[in-house]
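Here is what each chain is made of, one letter per residue.
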Amino acid sequence: MSDRVPPYFTRLIAAFRRGQAGRGVHLGYWDDPANPHGDFAAAQDRLDEVLLAMAGLAPGQALLDAGCGLGGTLARINREQRAMALAGVNVDPRQLEVCRGIAPANGNTLRWDLADACRLPYAGASFERVLCVEAMFHFSSRRAFFAEAARVLKPGGALVASDIVLAAPAPEGAEDALRAGFGPWPDPWGADADHRALAQAAGLRCTAWQDAAPQTLPSHRHTAPSGEAEAGDATARAAQVLRWLHANRRLQYPCMRFDKETD
């Protein structure tokens with residue numbers, strides 16, 4: 001398995017194949033974080049709703065999901081939209097194997113490509129929309145991904161994404177724990193540049209922005225239940241560290257849209 005694939009995906013894939021988990025692999029979104037209700041899968045669906053509302057999808061569009069996970073977001077689009085050309089890209093062939101269990105519907109087409117999101121295998125101006133749901137922090141370079149997203153977008157198209165960025169100060173060892181359990185995570189602090197600056201450098205303009213950290217915080221009741229991390233379990237330790245950072249306002253969870261100008 002590539003060292004570019006987070007180790008926790010081994011568990012997620014196994015749970016999916018046992019029928020114990022769905023296709024969602026991102027955090028959830030709670031409209032009222034002070035009174036979280038409903039299950040985690042429903043909250044994950046709400047995060048998709050927030051991002052897809054930002055995207056403004058329409059029949060006939062071509063859409064790419066960069067870092068498509070197990071295909072949950074594209075499966076929803078496939079159910080709800082018509083006549084769209086849908087593509088998912090991932091560096092993990094196991095995840096793509098799971099994705100290929102999704103049957104095209106409503107006149108849509110689906111394709112799944114094994115590739116690096118920082119080196120997309122598509123011609124320029126191929127898509128009206130590019131999505132990247134909670135995957136960008138795993139990529140080797142946010143800057144390279146923004147440049148690639150801008151390249152493959154048609155004029156007037158849009159990149160819609162969510163991401164996780166940490167804020168200093170953090171406890172000693174936090175970065176090492178996150179990389180051991182949730183890595184790769186090349187730039188946890190966004191040291192290269194912030195998203196708006198990276199987008200501007202790529203020729204994209206920010207048109208929507210929300211820090212959804214408060215709405216996503218209750219996710220950790222499910223991803224990192226209270227209690228000590230299991231001894232020797234790097235992923236469990238990383239989950240507890242991320243929960244602490246999130247609860248102590250050392251984390252941003254931006255949901256954002258960037259538009260490519262028309263010619």
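Residues numbered from 1 in each chain as written. Predicted model: local features only at pLDDT ≥ 70, side-chain atom pairs only at ≥ 80, totals over all residues. Heavy atoms only, no water.

All right, on to the sheet that holds strand β3 (residues 109–114) then. Across a sheet, paired strands are connected by hydrogen bonds in the backbone, their directions being either parallel or antiparallel. Spatial strand order, β3-β2-β1-β4-β5-β9-β7: seven strands in an open sheet with mixed pairing. Each end of this open sheet is capped by a strand with a single partner; those strands are β3 and β7 (204–211). Sheet twist, expressed as the average angle between the axes of neighbouring strands with direction ignored, equals 15 degrees. Note that β7 and strand β9 (residues 254–260) share seven bridges and pair antiparallel. Considered in β9, the bridge of tryptophan 209 is made with methionine 256. Contacts from helix α3 (residues 72–80) reach β1 (62–66), β2 (85–90), β3 and β4 (127–133) within the one sheet, and its direction differs from that of β2 by about 175 degrees. Helix α7 (residues 195–202) contacts β7 and β9 of the sheet and is inclined by roughly 160 degrees relative to β7. (Pairing = 2+ DSSP bridges. Helix = DSSP H or I, 4+ residues; strand = E, 2+ residues; numbered from the N terminus. Axes fitted to C-alpha atoms, helices over the stretch in contact; angles between N-to-C directions. Contact = heavy atoms within 4.5 Å.)

A general feature of soluble globular proteins is that nonpolar side chains tend to end up buried together. Counting 43 residues, the largest nonpolar core has Ile77 and Tyr253 as its most contacted members. Every element with two or more residues in this core is listed here: α1 (8–17), α2 (40–55), α3, α4 (93–99), β3, β4, α6 (174–182) and α10 (234–247). For this core, the leading source of residues is α2, giving six residues. Not counting residues within four places of it along the chain, the set of residues in contact with isoleucine 77 comprises Leu52, Leu57, Leu63, Met84, Leu86, Asn108 and Leu131. The next biggest cluster of nonpolar side chains, apart from the first, holds 30 residues, and it includes Leu64, Cys132, Phe146 and Met256. (Core = buried A, V, L, I, M, F, W, Y, C linked by side-chain atoms within 4.5 Å. Buried < 20%, exposed > 50% of the residue type's maximum accessible area, 1.4 Å probe, protein only.)

Right, let's talk about the packing of α6 against α10 for a bit. Between α6 and α10, the least distance of the axes is 7 Å, while the angle of their chain directions is 130 degrees. As summarised for this structure, α6 and α10 are arranged oblique, according to the angle between their axes. Seen from above, α6 lies across α10 with left-handed handedness. On α10, the residues touching Ala174, Ala177, Leu178, Ala180, Gly181 and Phe182 of α6 are Ala234, Thr235, Ala238, Ala239, Val241, Leu242 and Leu245. (Parallel < 35°, antiparallel > 145°, perpendicular 65-115°, else oblique. Left-handed = near helix turned anticlockwise from the far one by under 90°.)

Moving on, we get to unusual backbone geometry. Look at the link from alanine 168 to proline 169: it is a cis peptide, with omega at 0 degrees. With respect to the helices, strands and loops of the structure, proline 169 is situated in the loop between β6 (165–166) and α6. Note the cis peptide between glycine 183 and proline 184, where omega equals 10 degrees. By the secondary structure assignment, proline 184 is in the loop between α6 and α7. The phi angle at alanine 83 is positive, at roughly 55 degrees, despite the residue not being glycine.

The way to describe two aromatic rings as a pair is by their centre distance and the angle between their planes. Overall, the coordinates contain eight aromatic pairs when judged by the stated rule. Ring plane angle 65 degrees and centroid distance 6.3 Å describe the contact between phenylalanine 145 and phenylalanine 146, whose orientation is recorded as edge-to-face. Phenylalanine 146 carries the same exposure label as phenylalanine 145, and that label is buried. Each member of the aromatic cluster is reached from another via a ring pair, and the members are Phe139, Phe145, Phe146 and Phe258. Across from the ring centre of tryptophan 209, 3.9 Å away, lies the NZ or CZ of arginine 196, which sits over that ring. (Phe/Tyr/Trp six-rings, centres within 6.5 Å; stacked < 30°, edge-to-face > 60°. Lys NZ or Arg CZ within 6 Å of the ring centre and 35° of its normal.)

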